[in-house]
Amino acid sequence: MPVNLTIDGRPVQVDPGQTVLDAARKLGIAIPTLCHVDGFPPAASCFVCAVKIEGRPNLWPACALPATEGMVVINDADEVRDARKTALELLLSDHTGDCIGPCRLGCPARLDIPNFISRIAAGDSRRANAIVTDDLTLPASLGRICPRLCEQRCRRCDLEQALSIRNLHRFAADQQRDAGLPHLPPKDPPTGKRVAIVGAGPAGLAAAYHLLRRGHDAVLLDAHPLAGGMLRYGIPEFRLPRRVLDAEIGVIQKLGGQLRLGVRLGQDVTLDNLRREFDAVFLAVGAQGSRGLGCPGEELAASALGFLEEIAHGRPPRLGPEVVIVGGGNTAMDASRSAVRLGAASVRVLYRRTRREMPCLMEEVEAAEAEGVKVEFLIAPERLERKGGQLRLTCLRMELGPPDESGRARPVPVPGSAFDIEASSVIAAIGQTVSLTARHIPDLQFSTWGIAVKPQTLETNLPGVFAGGDGVIGPDLAVRAVAAGKLAAASIHQFLMGDKVAGAPELIHSVMGKLDETELAELFRDIEGAARTPMPQLPPSESRATFAEVELGFSPEAAAAESKRCLGCGCGKALNCRIRQYAAEYHADPGRFGGERRLFRRDLTHPEVVYEPGKCILCGACVQVALEAGDDLGLAFFGRGFATSVAVPFNRPMAEALKTCAKRAAEVCPTGAIMLRGTGCAGCRFA
Ligand SMILES: Cc1cc2nc3c(=O)[nH]c(=O)nc-3n(C[C@H](O)[C@H](O)[C@H](O)COP(=O)(O)OP(=O)(O)OC[C@H]3O[C@@H](n4cnc5c(N)ncnc54)[C@H](O)[C@@H]3O)c2cc1C
Ligand code: SF4
Ligand code: SF4
Ligand code: SF4
Ligand code: FES
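Described in the following lines is the structure provided in the data block. None of these values were measured; they are calculated from a predicted model.

Spatial strand order, S11-S19-S12-S13-S14: five strands in an open sheet with parallel pairing. Unpaired on one side and paired on the other, strand S11 (302–303) and strand S14 (374–377) mark the two borders of the sheet. Sheet topology places S11 next to strand S19 (residues 425–428); two bridges connect them, and they run parallel. Residue pairing in the sheet places Ala302 in a bridge with Ile427 of S19. Strand contacts of helix H13 (residues 330–341): strand S12 (322–326) and strand S13 (346–351), with the helix running at about 170° to S13, the strand carrying the most contacts.

Attention now moves to the site of ligand 2. Near ligand 2 you find His95, Gly97, Asp98, Cys99, Cys571, Ala574, Cys577, Ile579, Arg580, Lys615, Thr671 and Gly672, and these make up its full shell. Among the residues making up the shell around ligand 2, the classes are represented as five nonpolar, four polar and three charged.

Let's shift gears to the packing of helix H12 (residues 304–312) against H13. For the pair H12 and H13, interaxial distance at closest approach is 10 Å and the crossing angle is 50°. As the angle between them shows, H12 and H13 are arranged oblique. The way H12 lies across H13 gives a crossing that is left-handed. Seen from H12, the contacting residues are Ala304, Leu305, Phe307, Leu308 and Ile311; seen from H13, they are Thr331, Asp334, Ala335, Ser338 and Ala339.

So, on to the site of ligand 4. In the neighbourhood of ligand 4, the contacting residues comprise Cys103, Pro114, Cys154, Arg155, Leu163, Ile165, Cys566, Leu567, Gly568 and Cys569. Considered class by class, the residues forming the shell around ligand 4 number eight nonpolar, one polar and one charged.

To continue, consider the pattern of salt bridges. Pairing of side chains with opposite charge becomes possible as their charged atoms draw close. By the definition in use, this model includes 51 salt bridges. Close ionic contact of Glu667 with Arg664 constitutes a salt bridge, the shortest N to O distance being 3.9 Å. In this pair, Glu667 and Arg664 are both assigned in helix H22 (residues 662–668), three residues apart and thus about one turn of the helix distant. Judged by relative accessible area, Arg664 falls into the partly exposed class, the value being 35%. One salt-bridge network, held together by shared partners, links Arg144, Arg170, Asp174, Arg177, Asp178 and Glu549.

As enumerated under the stated definition, the model contains two aromatic pairs in all. On the basis of an interplanar angle of 50° and a centroid distance of 6.0 Å, the ring pair of Phe238 and Phe547 is categorised as tilted. Taken together, the positions of Phe238 in the loop between helix H9 (230–233) and helix H10 (242–254) and Phe547 in the loop between helix H18 (540–543) and helix H19 (556–563) put the pair 309 residues apart, joining distant regions of the chain. We classify Phe547 as partly exposed; its relative accessible area is 24%. In this structure, Arg56 packs its charged tip against the face of Trp60, placed 5.1 Å from the ring centre.

Right, let's talk about helix H7 (residues 165–178) for a bit. Residues spaced three or four apart along an α-helix point in a common direction, a consequence of the helix completing one turn every 3.6 residues. Taking 1.5 Å of rise per residue, 14 residues should cover 20 Å, and H7 covers 20 Å from first to last C-alpha, within 8% of that figure. By the criterion of burial, H7 is predominantly enclosed, with 12 of the 14 residues buried. All of the buried residues in H7 are Ile165, Arg166, Asn167, Leu168, His169, Arg170, Phe171, Ala172, Ala173, Asp174, Gln176 and Arg177. Among the residues trailing H7, Gly180 stands out with phi positive, at a value near 70°.

Reading guide: rules and limits
- Residues numbered from 1 in each chain as written.
- Chains lettered and ligands numbered in written order.
- Predicted model: local features only at pLDDT ≥ 70, side-chain atom pairs only at ≥ 80, totals over all residues.
- Heavy atoms only, no water.
- Pairing = 2+ DSSP bridges.
- Helix = DSSP H or I, 4+ residues; strand = E, 2+ residues; numbered from the N terminus.
- Contact = heavy atoms within 4.5 Å.
- Axes fitted to C-alpha atoms, helices over the stretch in contact; angles between N-to-C directions.
- Near = heavy atom within 4 Å.
- Nonpolar A, V, L, I, M, F, W, Y, C, P; charged D, E, K, R; others polar.
- Parallel < 35°, antiparallel > 145°, perpendicular 65-115°, else oblique.
- Left-handed = near helix turned anticlockwise from the far one by under 90°.
- Salt bridge = Lys/Arg side-chain N within 4 Å of Asp/Glu carboxyl O.
- Buried < 20%, exposed > 50% of the residue type's maximum accessible area, 1.4 Å probe, protein only.
- Phe/Tyr/Trp six-rings, centres within 6.5 Å; stacked < 30°, edge-to-face > 60°.
- Lys NZ or Arg CZ within 6 Å of the ring centre and 35° of its normal.
- Expected span 1.5 Å × (residues − 1).

Following this line, the structure appears as structure tokens:
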């Protein structure tokens, strides 16, 4: 007799002995499953298929629950979703695997680093560059100036030194540009929608790139005579040659991006005009304002931004022989190195904290020092005066006190420590501000840092108006501006298509974090130490006299050698791992039940599969497969409770098990615990 039941109010008929899961499938209702394998007896161990049955207490695993006459199954309910979320969080709490390479998690643009590096290793810079530009607009420019947040997380740091990731994406992009083959991605059919982008810096350019790919028109308006934002008017030529930036902007123009230059929002055009003329607006106005020295006489100091911009316009200001720069960030370093190149006899940088707290890459400071800049610490300006033809900067010595709101030690003046410095020019490199304010656009809401947005979508308070980059978060990094441009394009596309504006929700990432010594030994087994490939550079004796680029770029041989150091971290199952997909669907937080994770182990002895017990969810599917295959040596559960694992009996290596059924075992494994070699994501070294 057939069995009749309902699921979420929909009637369905199944054969006796069939489960609630079978009934749901008949109705086309997707119930998640992990431990269940069709044709095998239910393990009912993961509980992600939980459903509610009317009239019964608790929740029940749909995969193991026989359908009964008149049963009323509830699948679509908060209680059910919560139970599944908790089940996933428990499974992930001791899971040991990096879904994506730690380097990729470190890059704000989530560049697929192992994948593009694997293409360089294979000698295919064209493909490498195409992979890079998918996530990272302006890869040659960022390949010169990014502070390499990715490299700090590189697993290779635990062996000797990080991969030279930044230099490798610079290499791929430079190769293609020099060959006249920049990557032009395919474009979706035209949508007829038009987007105004105010600000043609990295955020605006990245947004334009991604909007154009989706078939929208993108018009970039900028107050400056040329596009590029701070990459053109802030960062000096010796770090980022203009021909490199121009070529990358040229790609966006080739894709159809239009530039309207010399147009200032709030002066030449209003936001209302733009909202009328366009279907959406993206505000990418950066942090273009400068802070003064904050002491009497500050009007006598030049602003570092103004100074650098004049150089960019080809009108280098006269500085005189003794230049003092106040500040400790990128801008201070760029201004000091530019002053050296303009012929100043003495260039001093004064910073109120110590070298450790400097908010720029240490290599920038070292490069400045090598070129003759004197960087002095724990000094703050007190007063600036003109004395005859010279400037006199009265300073105080500082000492470090308790941390301030930024978390860095607060500099405190040392009483009676005032001293004077004579200078021909004083340049303030104290910080930047967002210069577009409520004064220009009264309807737009602002936060403490800049334009107020919803962080997930970059929507402002005005419908159809989005904002991102430095203009939202204050002075920051080009890579984060590029990432913001990509996110804005995703949100704007949803808005233009009439979809729910949701931004670009990320998949959940399992993260192993720090590995202990035994785990590192496992990770680096058979890996030979290989030092990081050095970047060829102009020697300081030459570089200090020219605005020509200092870092000269990798040769093909150097890039090949460096790319071969990559360990291909990340999980080969990342794109089709069910636990990861469900975790995203149910908004599971892998860290919710933070506890001890399992140890990282990797059995590489089998010719067809790789086994990582730390990713096993103990569903037993592979044990069943091995049993069914009847091999001499299969797989079995060992241990109890937390220490339970699936392994080959008698402590034998995987090579001796799964003789005839390795492929099938990998197929049924719902995670990346058993992975077939050669089927994983590109870039993964093993699978
Ligand atoms: C000297 C210096 C050195 C730096 N070094 C580094 C580095 O080494 N690495 C790094 O990652 N980052 C560095 N940065 C920071 C980086 O340049 C910025 O984080 C990045 O450029 C921000 O991008 P954005 O698109 O948000 O804004 P921006 O690059 O500032 O672009 C904003 C654009 O908007 C335009 N605009 C502003 N207001 C209006 C208006 N009202 N109407 C029309 N147009 C307008 C401007 O003309 C500009 O072109 C540096 C910055 C400076 C100043
Ligand atoms: S098995 Fe899945 S969850 Fe685990 S690391 Fe691999 S992709 Fe991530
Ligand atoms: S953009 Fe920066 S953080 Fe991202 S991969 Fe390049 S160097 Fe690394
Ligand atoms: S070794 Fe390669 S994949 Fe692994 S973290 Fe470093 S760059 Fe990324
Ligand atoms: S308990 Fe049903 S799929 Fe795991």
